[in-house]
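Take a look at the letters that make up each chain.
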Amino acid sequence: MSDTTSDADKIRNKRLAKLGGSAPSSSSTNGEPGSDAAPVPPNSASAPSKESANGSAPEPSPKPKINISKPSQSSPTSTTSNPFTQLGMKQEKSSKPEVNIQSGRSTPQKPQGGAEGTGRAISRQGESIEAWEDRTLSNVFRITLKPEVLHDAHGHPLRLVAEVRSELEEEGTPIRLTTSVLEQALLEAAQQEPQPLEYLLGCWKRVSKLFRGMKSGSTEDPKYIVAKEARRLCMSYCIFAVTIPDMFGQEIPDTNPLAKHLLVDPDNDIGICHDFLMEAIARMPEDESIKDVLVGAMEQVSRDLSKMSMNDNYKPYMQALHNFVRYPPLVDALTQSPSFLPDDLPPQEIENKTLLGPFFHLSPMQSEVAINYFSSPQTRDRAYIKNSQDALRMTLRTHQAELFDITNLIIKASKEPRERMLNWFAMVVNKNHKKRAMQVDPKTVSSDGFMVNVTIILDQLCEPFMDATFSKVDRIDVNYLRRNPRVAIRDETKINADQHTSDRFYDQHMVGTNNFISEIFFLTVAAHHYGTEAANTKLSSLQREISHMEKQLEKFEAERHNYINNPNQLRMFEDALKKYRDQLEKYHCVVHATRGVLLDDLAQARSMLFMRYVIVWLLRLASGANLPKEQLHLPLPDQPPEIFACLPEYFVEDIVDNFKFITRFLPQIITTTQCQELIQICITFLRSSEYIKNPYLKSGLVTILFHGVWPQWNRTKGILGDELNGMPFALKHLLHALMKFYIEAESTGTHTQFFDKFNIRYEIFQVIRCIWSNSVYRENLATESRVNADFFVRFVNLLLNDVTFVLDESFTAFNTINGLSKELAPSISSSLSQQERTDKEEALQAAQGKAKSYMQLTNETVSMLKLFTDALADPFTMPEVVQRLADMLDYNLDALVGPKRKNLHVENPKEYSFDPKTLLSELVDVYLNLGGKESFRLAVARDGRSYKPNNFEAAQDVMKRYALKSPDEMTRFSTLASQIARAREEEEEEEQDLGEIPDEFLDPLVFTLMDDPVILPASKTTIDRSTIRSHLLSDPTDPFNRSPLKIEDVVPDEEMKRKIAEFKATKRAEKIAAREATEPMDTA
């Protein structure tokens, strides 16, 4: 060989020094069948028919002459006979010496059984081992040394390795293919290909099948040794084609050339099969470059996928990763990649720049995918939207199933990959804390689709330990968060602890290690907070944005006439309008897609199963009871355990948000057992509400109950109604819990607390209405009024406050609507300017909205007042509340039937849920319920502002005309009216008897004669006991200096009481004396 050839060989060998590996055997059921037919001239008719080989190679093209090193003639045991043996390839053991096949060697005995089509090496009758070797290598690698034989028996092109033939001729060696010249032949053949790797991968499939067919034979069989060496060389050259492409005359590519082959079906000639990966894994310990090549290929697949969406052909990428992670050594290598868990990556880049990110990124919630599913959404009917959502869910379920399989394979591979996988999940949740901020910039956080996929996968990872008996709930370590947790919680709002208390608690580190169940449990709770619940919040925000945009669009379209005479401006206007419509359409599509994802009953059932575990775990923590084996007893201890108080608030928030969504949109998926646990946590933390600091979370518990009792299909009492009426825990504690939170809702601590309390109380009324038919609850109400009198009076006082306020607001709104409607009548409005008309129309719309909102509350509040006064009259006739109740009833009776009743007339009263006759009937019911109490009759009579006997007569006329009451009720109401009239006469007489009352005897707040004067300790003011009790029900301060005050602190003013008694006695005596003086003397 020339010196030039020697130099080239040296250079090549230096490059090859990167690669090494043993020649292990591997087996697989995969692999492309290859042909074992011998090369024959194209026109030969004598070639035997063999099984057809899959795939075909292109015709060889002219190539520049390449100098190939001369085959070594050293002994078979020499380590320099083949460059691969210098690269770290293991030699055969001494008991299995390497075989160097020479011409003239005796032909081994023909193996028994099998056919070439099955991969068995079969010699033709009388065929020597040398001829078999030549024929087999030619078939497998589709090469030839004979210029006249360029196709095999099946028409597959054969590559002429002319350089190898020339060298054999120079050396006088027989012209046939052997393993000793296979290296040079492979190199020359591959250099003829535009894509050497594709050619070599096809060869690999055929040689692997050949090798597998020999597995049952002896390893000393020369054919076995030939096949093994051919397989080893083929794998080596496949690796060379990836790592040293210039060796084949190829330029070094910008991307990993193996990546595209991972995307091909493994059974395809150019796909990466099981045998290939097993062989590569076997060589990895001795050659790091193989690991780098394989991991680099998967990194390239990930990078390519990051530019795609579900609109593209993403499934091969998923399959590639799924096939890859089936091999634990590859999983270990993959998770060690710098791109698997990069440092300091901003949250918005996690789904694109981490190795797993692009796979989790795929979601129909991406706007471009949503548009593809829901084209022209505003013109589609519900059936179309539903069908599209069903299709979307099916696609996403399949994708998430693959994601779970991939994740599960990584976790099960070994400890190190499992730890890195958990670290990746932790990175995702820890870096996305901003997703729950009040204002979220989507460019600074991960996408909702990505986070939902993460949450769903974590839910599935929790399934193995979430059995129905909670047998593994004690494996969730309560000290996890104090033992170097993966989940970052320092900046999270805690359930009932300030930052200082929380920091002090978590600074007390616990020894030990965290188990996998605890790791995955805490990660999943956090993922729900930043994943599905954040997406739910985003959905609500998008719906509000759409509503706003639709209103703006109407205004924009109304401006078209301003540009109709200017074509240029009109064109600009239309362009701007189109962009706005396109944006609105995109939002509609995203909303439909998001709802489709979140309303997946399978995913939500799985989520609910997890939340069930969170519920039981939290109740165990708060109560100290071994739930569910032990009973939960209420109320809980006064102070919550510190470990519970210092938990992140989202432990409760996840439960609240998750079940608010499910009870509203998917109540049918809740099972009876889950209903009981859901009721249990709602009642527990409403009854012991001091355990949770955030009033929003507690109001969420009420909302869950409210949605749970809302009628659903064939369930008139909703999904929770039957359990609320039959579950012993609910029967015992529900009513008190609702009443307690009704009182707490008076002040939620937020800037919207005034309106929040009415929403909360409306929902409480609906729950009470659902359970009121159960006599047990009515008995509980009576017990509350006796045992917790002060508590019950506070509840009654707030109920009266609400009835008074909402009735007044509703009637005021109707007065406004009535007046504005008259002013906007065509006969009058013609005199108004455009601005005046616009102002009045806006005011009318505002009044109509106000009337609708408050009238709903009015109906519910008056209905509750009717129910409670029917069950219990005494608490409503106590001195501190009875006068206010009487004043409220008289005022509203006057509004409904008095002289100003026409002011309430509006068109379409049903639009406002306003039914004056029903409202009058319920107010009369309250009169009748309390009419048997003298204190109530007297309070009505003392109402100097609104009490009018004529109103009672008018009410009777209306009820009689519309048959609102039975004859018996009419009689009772008439009798009550007469009794109140007599009481009024007596009251007026007493006032005349007392005459001018000294100011010191008058109550300083209501200016009536005091009955039971008391002294306030801070301000030293004397006031009637019933007045200050009534004040303290709403405001626990001294009304004269705002200092804190309790009713127990007041001091009876005995001196003032004595003076008032003396004043009354004096006035009565004077009245008697005056009467006697005016009466004529009896002289009979």
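Residues numbered from 1 in each chain as written. Predicted model: local features only at pLDDT ≥ 70, side-chain atom pairs only at ≥ 80, totals over all residues. Heavy atoms only, no water.

As annotated in an unreviewed UniProt entry, the chain carries the name Ubiquitin conjugation factor E4 and is attributed to Viridothelium virens. Its UniProt record, at the heading Sequence similarities (unreviewed entry), says of the chain: "Belongs to the ubiquitin conjugation factor E4 family." (UniProt positions renumbered as here; feature names shortened; annotations may be inferred.)

A few words now on the overall build of the chain. Helix and strand counts for the chain come out as 40 helices and five strands. Taken over 1084 residues, the chain has a buried fraction of 52%. Nonlocal contacts in the chain, meaning residues at least 24 apart in sequence, comprise 75% of its contacts between residues at least 6 apart. Working note: accessible area of the chain is about 49,500 Å², and carbon and sulfur atoms make up 50% of it. (Helix = DSSP H or I, 4+ residues; strand = E, 2+ residues; numbered from the N terminus. Buried < 20%, exposed > 50% of the residue type's maximum accessible area, 1.4 Å probe, protein only. Contact = heavy atoms within 4.5 Å. Areas by Shrake-Rupley, 256 points an atom, 1.4 Å probe, with all protein chains shown as cover.)

Evaluation of the coordinates by the stated rule reveals 54 salt bridges. The salt bridge involving D390 is made with R393; its shortest N-O contact spans 2.7 Å. Of the two residues, D390 and R393 are both situated in helix α15 (residues 382-413); the distance of three residues between them amounts to about one turn of the helix. Note on R393: relative accessible area 13%, which makes it buried. (Salt bridge = Lys/Arg side-chain N within 4 Å of Asp/Glu carboxyl O.)

Strand pairing in a sheet relies on backbone hydrogen bonds, with the paired strands running either antiparallel or parallel. Read from one edge of the open sheet, three strands run β4-β3-β5, paired in antiparallel fashion. Bordering the open sheet on either side are β4 (1022-1024) and β5 (1051-1052), each of which pairs with just one other strand. Examined bridge by bridge, strand β3 (residues 1013-1015) and β4 share three bridges and lie antiparallel to one another. Within β4, the position partnered with I1015 by the bridge is T1022. Helix α39 (residues 1025-1034) rests against β3, β4 and β5 of the sheet, and its axis sits at about 85 degrees to β4. (Pairing = 2+ DSSP bridges. Axes fitted to C-alpha atoms, helices over the stretch in contact; angles between N-to-C directions.)

On to the packing of helix α38 (residues 967-994) against helix α40 (residues 1054-1078), then. Packed helices, taken two at a time, are described by their axes: the angle between them and the distance between them. Here α38 crosses α40 at 95 degrees, and the two axes come no closer than 8 Å. Overall, the two elements α38 and α40 adopt an arrangement that is roughly perpendicular. In this structure, α38 contributes E990, D993 and L994 to the contact, and α40 contributes F1063, K1064, K1067, R1068 and K1071. (Parallel < 35°, antiparallel > 145°, perpendicular 65-115°, else oblique.)

In this section: the packing of aromatic side chains. For the structure shown, the criterion picks out 49 aromatic pairs. Look at F805 and Y854: their rings are 5.6 Å apart centre to centre, the planes differ by 75 degrees, and that puts the pair in the edge-to-face class. Of this pair, F805 sits in helix α31 (residues 789-823) while Y854 sits in helix α33 (residues 834-871), and the two are 49 residues apart along the sequence. A residue is classified by how much of its surface remains accessible, and Y854, at 10% relative accessible area, is buried. Directly above the aromatic system of Y742 lies the positively charged group of R761, at a separation of 4.4 Å from the ring centroid. Over the ring of Y962 we find K917; its NZ or CZ atom is 5.1 Å from the centre of that ring. (Phe/Tyr/Trp six-rings, centres within 6.5 Å; stacked < 30°, edge-to-face > 60°. Lys NZ or Arg CZ within 6 Å of the ring centre and 35° of its normal.)

To continue, consider a positive patch on the surface. Side chains of K822, R901, K902 and R961 sit close together on the surface and give a patch of like positive charge. Looking at the element boundaries, K902 is found in the loop between α34 (879-897) and α35 (916-930). (Patch = residues over 30% accessible without salt bridge, like charges linked within 9 Å, V, L, I, M, F, W, Y side chains within 5 Å. Lys, Arg positive; Asp, Glu negative; His and termini not counted. Charge placed at Lys NZ, Arg CZ, Asp CG, Glu CD.)

This paragraph deals with the environment of T975. Among the secondary structure elements, T975 is positioned in helix α38. On the basis of relative accessible area, T975 is assigned to the partly exposed category, the value being 40%. Taking C-alpha positions, T975 is 9.5 Å from G931, a pair spaced 44 residues apart along the chain.

Taking 1.5 Å as the rise per residue, α38 with 28 residues should run 40 Å; its terminal C-alpha atoms sit 41 Å apart, in good agreement. Contacts made by the buried residues of α38 are with α35, α36 (934-942), α37 (949-961) and α40. Directly after α38, the chain includes G995, whose backbone phi takes a positive value near 65 degrees. (Expected span 1.5 Å × (residues − 1).)

Once that is clear, we can look at the nonpolar core. In summary, soluble globular proteins display a tendency toward joint burial of nonpolar side chains. Core analysis: the largest hydrophobic core is formed by 296 residues, its most contacted members being F141 and W424. By residue number, the principal contributor to this core is α31, which donates 15 residues. Residue contributions to this core reach at least three from each of two domains, namely domain 1 (495-512 + 600-773) and domain 2 (788-989). In contact with W424, other than residues within four places in its own chain, are F340, L341, T354, L356, G357, F360, F450 and V454. (Core = buried A, V, L, I, M, F, W, Y, C linked by side-chain atoms within 4.5 Å. Domains from an automatic or database assignment.)

On to the side chain of S688, then. Tracing the backbone shows S688 in the loop between α25 (672-687) and α26 (695-709). Beyond its immediate chain neighbours, meaning those up to four positions away, S688 contacts P635, L636 and K740.

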